[in-house]
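The residues making up each chain are set out below.
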Amino acid sequence: AVVSTQSTGHVDKKMFSGDLLGFVTPWNSHGYDVAKTFGAKFNYITPVWLQLIPTSRGTFTVQGGHDIDAGWVRDVRANNTATKVAPRLIFEQWSMQHLAQVTSSESELLHMAQTVVEFFKGEGFDGVVLEIWRQFMGREKNRLHAVIKAISQGLSEHGMSTLLVIPPGVKPFPEIFDKYDFQVLQPSVERFIMMTYDHHQATGRAGPVGPMDWGLRNILLLMEHEDNDKYRYKLLYGLNFYGVDFRGDGQAEPILGNRYVELVKSGKPSQFVWHLKAAEHSFEYREPGKAIHSVFYPSLRSLQRRVEAAEKFKIGLAIWEIGQGLDYFYDLL
């Protein structure tokens, strides 16, 4: 069944009752097709196009506009008028000085927010996904809160939404975004996207990419604050649609759907192993004369477990990223 990865139906029907967001990257063009083919399933489509960059003049500019594909945005909306197109805006080349400067006065803050608002309004987008938190490792939280609130307020005046990418906070990751940050930002942020993947990068060992037991502990950590619980629907649990190929020499590289299918068809893999707590599958294979590889890649079973957990917890899902998976994954969504 693994080798046949075509979607078998439900293309026009959303199966998952919570919100679903899909990231799309310019370097993986299959995601552009998925966003259109399975458009009925997505509440948010987030192309990874834009950067907010400080200039030498003390102002800020939005870069990446050359990647914007207006025709594709029209097609996505034509397939599902309810889908919000909310590109990611990542804060790049920002130093602590830039953060201090922009929050030093109301006028500085307003000017930065207006730069974002004018750009997004001009492009006719429905909102923004901000990625700022991890760059500052949670330092200067009050200043980060101020930046996010200023952009959110500016966008909301034009009917646009603000979403925020947040890092996981359960070991082996440091807790740099906590339940109090959620409480403070909740009125300004429509959805919080939790990056519940890349667990292996923090451990430095071969193992699950986004173990579910760890992922759900991250959600529960934010919900510990009683005021937060009624806003749990604002949380989107991050799903990796890529896997990782751990080589015997200690190196690891991402593995995407087409390479995964290639490996399975080759007959190289050993039997699949189900990791119960992590709710992920893995297999091993050996290349002639080389060390054994260990591969973790999402499966229908691993995805089903996460969909069921999200339904139970009444939270949404966010996929990084929709060009990397197998089309039959969307039958469950």
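Details of the structure are given in the entry above.
Values in this document were obtained by computation on a predicted structure and should not be read as measured data.

(A) Fine view of the overall build of the protein chain. Across its full length, the protein chain carries 10 helices and 16 strands. Against the globule reference of 20 Å for 333 residues, the protein chain gives a C-alpha radius of gyration of 20 Å, in line with a compact fold. With the principal axes as the frame, the protein chain shows a C-alpha extent of 60 × 40 × 40 Å. Going through the 333 residues of the protein chain one by one, you find that 56% of them count as buried. Here the analysis covers contacts within the protein chain between residues at least 6 apart in sequence; of these, 73% occur between residues at least 24 apart. Accessible surface for the protein chain amounts to roughly 14600 Å². Of this, 49% is attributable to carbon and sulfur atoms. Where the 35 positive side-chain charges of the protein chain centre and where its 37 negative ones centre are 4 Å apart.

(B) Here's a closer look at the layout of surface pockets. Looking at the largest pocket, its volume works out to about 310 Å³. What lines the largest pocket is a set of 20 residues, and nearest its centre among them are Tyr197, Asp198, Gln201, Tyr242 and Trp320. Elements that contribute at least two residues to the lining of the largest pocket include exactly strand E6 (88-91), helix H7 (199-203), strand E11 (243-246) and strand E12 (252-255). With three residues, E12 is the single largest residue contributor to the lining of the largest pocket. Residue classes in the lining of the largest pocket are distributed as 11 nonpolar, four polar and five charged.

(C) Structural view of the sheet that holds strand E10 (residues 235-240). The strand order across the open sheet formed by 11 strands is E4-E3-E6-E7-E8-E9-E10-E16-E1-E2-E5, and the pairing between neighbours is mixed. Of all strands in the sheet, those bounded by a partner on one side alone are strand E4 (60-63) and strand E5 (84-85). With three bridges joining them, E6 and strand E7 (residues 127-131) adopt parallel strand pairing. Opposite Ile90, over in E7, you have Glu131 as the bridge partner.

Calculation criteria
- As a convention, each chain's residues are numbered from 1 in the sequence order in which they are written.
- In keeping with the predicted nature of the model, local features appear solely for residues at pLDDT of at least 70, side-chain atom pairs appear and are counted solely at 80 or more, and the whole-chain, interface and lining totals rest on all residues.
- Computation of side-chain values: all heavy atoms of the structure, hydrogens and water removed.
- Here a strand is any run of E in DSSP of at least two residues, a helix any run of H or I of at least four, and the numbering for each starts at the N terminus.
- As a reference, a globule follows 2.2 Å times the number of residues to the power 0.38, and the radius of gyration itself is taken over C-alpha atoms.
- Burial here depends on accessible area, computed with a 1.4 Å probe over protein chains only, as a share of the maximum for the residue type. Under 20% is buried, over 50% is exposed, and the range in between is partly exposed.
- We call two residues in contact whenever any of their non-hydrogen atoms come within 4.5 Å of each other.
- The accessible surface values rely on the Shrake-Rupley method and a 1.4 Å probe; as for residues, cover is taken only from the protein chains in view.
- We treat Lys and Arg as the positive residues and Asp and Glu as the negative residues; His and chain ends play no part in the count.
- The atoms used to mark charge sites are NZ of Lys, CZ of Arg, CG of Asp and CD of Glu.
- Think of a 1 Å grid over the protein atoms and nothing else: a 1.4 Å probe that fits but is trapped marks a cavity, an open set flanked by protein within 12 Å on at least five of seven lines marks a pocket, and residues with an atom within 4 Å of a point count as lining.
- Grid points are joined across faces, edges and corners, and a volume is the space filled by probe spheres set on the points.
- Think of it as three bins: nonpolar holds Ala, Val, Leu, Ile, Met, Phe, Trp, Tyr, Cys and Pro, charged holds Asp, Glu, Lys and Arg, and polar takes everything else, Gly as well.
- Strand pairing is assigned whenever DSSP identifies at least 2 bridges connecting the two strands.

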